[in-house]
Amino acid sequence: IESDATLDIDAGANLTTNGTLTANTVLLSAEHTLTTNGTVGTTGGNATLTGNNVVTTSAVTSTGAITVIGDEDVTLADIDANGGNAEPTAGGVLTLNGTTDAAGDVIAIANDRIWQRGAIGGDADTVNVTLTAREGMINSDADISATTNVTLNAGDDVDVATTTTAGQTISIAAGGDVNAN
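For clarity, every value in this text was computed on a predicted model and none was experimentally measured.

1. Examining the overall build of the protein
- Regarding its fold elements, the protein presents zero helices and 25 strands.
- The C-alpha atoms of the protein give a radius of gyration of 16 Å, which matches the 16 Å a tight globule of 181 residues would have.
- The principal-axis extent of the C-alpha atoms belonging to the protein is close to 45 × 30 × 15 Å.
- The buried share among the 181 residues of the protein stands at 44%.
- Summarising the internal contacts of the protein: among those between residues at least 6 apart in sequence, 7% fall at separations of at least 24.
- With an accessible surface of roughly 7,400 Å², the protein has 42% of that area assigned to carbon and sulfur atoms.

What follows is the structure, given as structure tokens:
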């Protein structure tokens, strides 16, 4: 599906897309599960994906910001917000399987656990990275980099298995153990 203006799809149950979605602004919403099995891209605006559960199996790219909100679990492939922040939020578990980049900040929040399997900030223009697992733990299995600050906050443990780099400050706060490389 391609639009020169806004692409706005709102499903009262599940929403599954199986091809490329491109528009100036993309708004995808599902009452239950939102699944994108093809790329989602904007040509001038922001991308917003919402659902009870949100799953992307291909890249979401935006010339603006990217906002992903799941009431329960959120599982994402590559996220690239070329003109703003990347803000994935999960009411349950947030899994970042692909690279997450932003021209602004990466602000990832989960009530439970954050699984970070893809690099964050690898394009060297991400300003700040903030990962917050309110009640659970953060498992970081890939590099994190920011030009200014990296902040990791967890209600439980924080495990950082690879390199974390910041231009100014790296801050880690955990309610449990911190295991850092």
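Next comes the rest of the write-up.
2. Regarding the side chain of Thr-25
- Tracing the sequence through the fold places Thr-25 in strand E4 (residues 25-30).
- Here Thr-25 is in contact with Ala-5, Thr-6, Leu-7, Thr-42, Gly-45 and Asn-46, once residues within four sequence places are set aside.

3. Re the side chain of Thr-56
- Within the secondary structure, Thr-56 sits in strand E8 (residues 53-56).
- Under the relative-accessibility criterion, Thr-56 is labelled buried at 4%.
- One polar contact links the side chain of Thr-56 to the main-chain amide nitrogen of Ala-77, over a distance of 2.9 Å.
- Residue contacts for Thr-56: discarding those within four places in its chain leaves Thr-36, Leu-49, Thr-75, Leu-76 and Ala-77.

4. Section: a negative patch on the surface
- On the surface, Asp-8, Asp-10, Glu-31, Asp-71, Glu-72, Asp-73, Asp-112 and Glu-135 cluster together to form a negatively charged patch.
- Structurally, Asp-73 is set in the loop between strand E10 (66-70) and strand E11 (74-76).
- Its relative accessible area of 34% is what places Asp-73 among the partly exposed residues.

Conventions we followed
Residues numbered from 1 in each chain as written. Predicted model: local features only at pLDDT ≥ 70, side-chain atom pairs only at ≥ 80, totals over all residues. Heavy atoms only, no water. Helix = DSSP H or I, 4+ residues; strand = E, 2+ residues; numbered from the N terminus. Rg over C-alpha atoms; globule rule 2.2 N^0.38 Å. Buried < 20%, exposed > 50% of the residue type's maximum accessible area, 1.4 Å probe, protein only. Contact = heavy atoms within 4.5 Å. Areas by Shrake-Rupley, 256 points an atom, 1.4 Å probe, with all protein chains shown as cover. Polar contact = N/O pair within 3.5 Å; in protein donor to acceptor, adjacent residues only side chain to side chain. Patch = residues over 30% accessible without salt bridge, like charges linked within 9 Å, V, L, I, M, F, W, Y side chains within 5 Å. Salt bridge = Lys/Arg side-chain N within 4 Å of Asp/Glu carboxyl O. Lys, Arg positive; Asp, Glu negative; His and termini not counted. Charge placed at Lys NZ, Arg CZ, Asp CG, Glu CD.

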